[in-house]
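# Coordinate inspection notes
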Amino acid sequence: RGLVATELGRWHVLEANQAAAVDADHFYGIGNHALVKHRKDTGERVAEWIGPRGGPIVHFNAGYVDGDELVLAHSNFPEVPMASSLEIHDARTLRPLRSHSLGIRLGSLTWAVRHQGRWWACFANYNERGGIPGFDQRWTYFAEFDDHWQMLRSWVFPPQVVATWGRSASSGGDWGDDGLLYVTGHDAPELHVLRLPAQGVALEYVTTIDVPFEGQAWAWDRSMRGGRIIYGISRARQQVIAARIPAVPAGLSKA
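Residues numbered from 1 in each chain as written. Predicted model: local features only at pLDDT ≥ 70, side-chain atom pairs only at ≥ 80, totals over all residues. Heavy atoms only, no water.

### A few points about the overall build of the protein
Tallying secondary structure elements over the protein gives two helices and 21 strands in all. Taken along the three principal axes of its C-alpha coordinates, the protein extends 45 × 40 × 35 Å. Every one of the 255 residues in the protein was classed for burial, and the buried ones make up 55%. Of the contacts formed within the protein by residues at least 6 apart in sequence, a portion of 51% connects residues at least 24 apart. On the protein, roughly 11,300 Å² of surface is accessible, and the fraction owed to carbon and sulfur atoms is 50%. One finds the centroid of the 25 positive side-chain charges in the protein at a distance of 2 Å from the centroid of its 27 negative side-chain charges. (Helix = DSSP H or I, 4+ residues; strand = E, 2+ residues; numbered from the N terminus. Buried < 20%, exposed > 50% of the residue type's maximum accessible area, 1.4 Å probe, protein only. Contact = heavy atoms within 4.5 Å. Areas by Shrake-Rupley, 256 points an atom, 1.4 Å probe, with all protein chains shown as cover. Lys, Arg positive; Asp, Glu negative; His and termini not counted. Charge placed at Lys NZ, Arg CZ, Asp CG, Glu CD.)

If you want it as structure tokens, here you go:
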């Protein structure tokens, strides 16, 4: 039997068609240009922000809560040339605070997180609309950046993970408290566990965990230390879903 997450709860959230985020008391639904905030205990909606159609926000991807801020990866998908930005909103009111444009880069920013004083981010390339001719999903990469978003190192994804992406790419990811990297694709109900390689250019595959949502972007509940709880979404069911992620066995987690 493989590793399987335990579902803890689910809530109907119409706008959450891209990602979920979470803090101690609330979870957040993220849509292309919509943000909603709900209480964990009752599911009650307490705030929302809707960007105007045709406005500067085209395609929110992943997000996470950092203190009083909601940090969001954003791109102009499916437009080309691909361009991306990091959008910071007030986690209390969901109103925009500031924006950092990354401009044109190879790939579309799908998720970005802070870890050990650096930015770590995925830039996705696609086999379908929004892709650039000659650059399919195999060109999707994960990279480390400094505070000025200058790339320091980058890696491609292992082929057994790329094979699960369909015609899309990696939609969500973040570091776990065990030092391993957890990533999802676009459609498969799987959380892939990876690590930085000792040598070479490809992330190292560790294992896969079955999760109760179909890919897309998700976030750790950092308020639950040691709890290993994540909040993800089911786009098909229009739901935000909480799940407990099992620990990766020591034999696998050690390089």
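### Notes on the sheet that holds strand S1 (residues 3-4)
Across the sheet, which stays open at both edges, the five strands sit in the order S1-S18-S17-S16-S15 with mixed pairing between neighbours. Bordering the open sheet on either side are S1 and strand S15 (172-175), each of which pairs with just one other strand. Taken together, the six bridges between strand S17 (residues 190-195) and strand S18 (residues 204-210) define a ladder with antiparallel strand orientation. Bridged to leucine 194 within S18 is tyrosine 205. (Pairing = 2+ DSSP bridges.)

### Quick word on the packing of aromatic side chains
This structure, assessed with the given rule, holds 19 aromatic pairs. When the ring of tryptophan 218 is compared with that of tryptophan 220, the centres are 5.6 Å apart and the planes differ by 85 degrees; the resulting orientation is edge-to-face. For tryptophan 218, a relative accessible area of 3% puts it in the buried group. A relative accessible area of 7% means that tryptophan 220 is categorised as buried. Each residue in the set Trp111, Trp120, Phe142, Trp155 and Trp175 is aromatic and connected to the rest through ring pairs, giving one cluster. Its end group placed over the ring of tryptophan 119, arginine 114 keeps NZ or CZ at 5.1 Å from the ring centre. (Phe/Tyr/Trp six-rings, centres within 6.5 Å; stacked < 30°, edge-to-face > 60°. Lys NZ or Arg CZ within 6 Å of the ring centre and 35° of its normal.)

### Considerations on the pairing of strand S20 (residues 229-234)
Counting buried residues in S20 gives six out of six residues, a clear majority hidden from the surface. By the alternation rule, side chains of S20 split into Ile229, Tyr231 and Ile233 and Ile230, Gly232 and Ser234, which are all buried. Across two bridges, the pairing between strand S19 (residues 219-220) and S20 is antiparallel. Pairing of alanine 219 across the sheet is with tyrosine 231, part of S20. Here S20 pairs with strand S21 (residues 239-244) via six bridges, running antiparallel. Considered in S21, the bridge of isoleucine 233 is made with valine 240. Here S20 folds back onto S21 in antiparallel fashion, the turn holding four residues, of which glutamine 238 has a positive phi close to 55 degrees.

### Comments concerning the sheet that holds strand S4 (residues 26-30)
A sheet is described by the order of its strands in space; here four strands give the open sequence S3-S4-S5-S6, paired in antiparallel fashion. What marks the edges here is a single partner per strand, and that holds for strand S3 (19-22) and strand S6 (45-50). Taking the axes of each pair of neighbouring strands and ignoring which way they run, one obtains an average angle of 15 degrees across the sheet. As paired strands, S3 and S4 are joined by four bridges and run antiparallel to one another. Its bridge partner lying in S4, alanine 20 is registered against glycine 29. (Axes fitted to C-alpha atoms, helices over the stretch in contact; angles between N-to-C directions.)

### Focus on the environment of glycine 103
Mapped onto the elements of the fold, glycine 103 is located in strand S10 (residues 96-104). Discounting chain neighbours no more than four positions away, the residues touching glycine 103 are Met82, Ala83 and Ser84.

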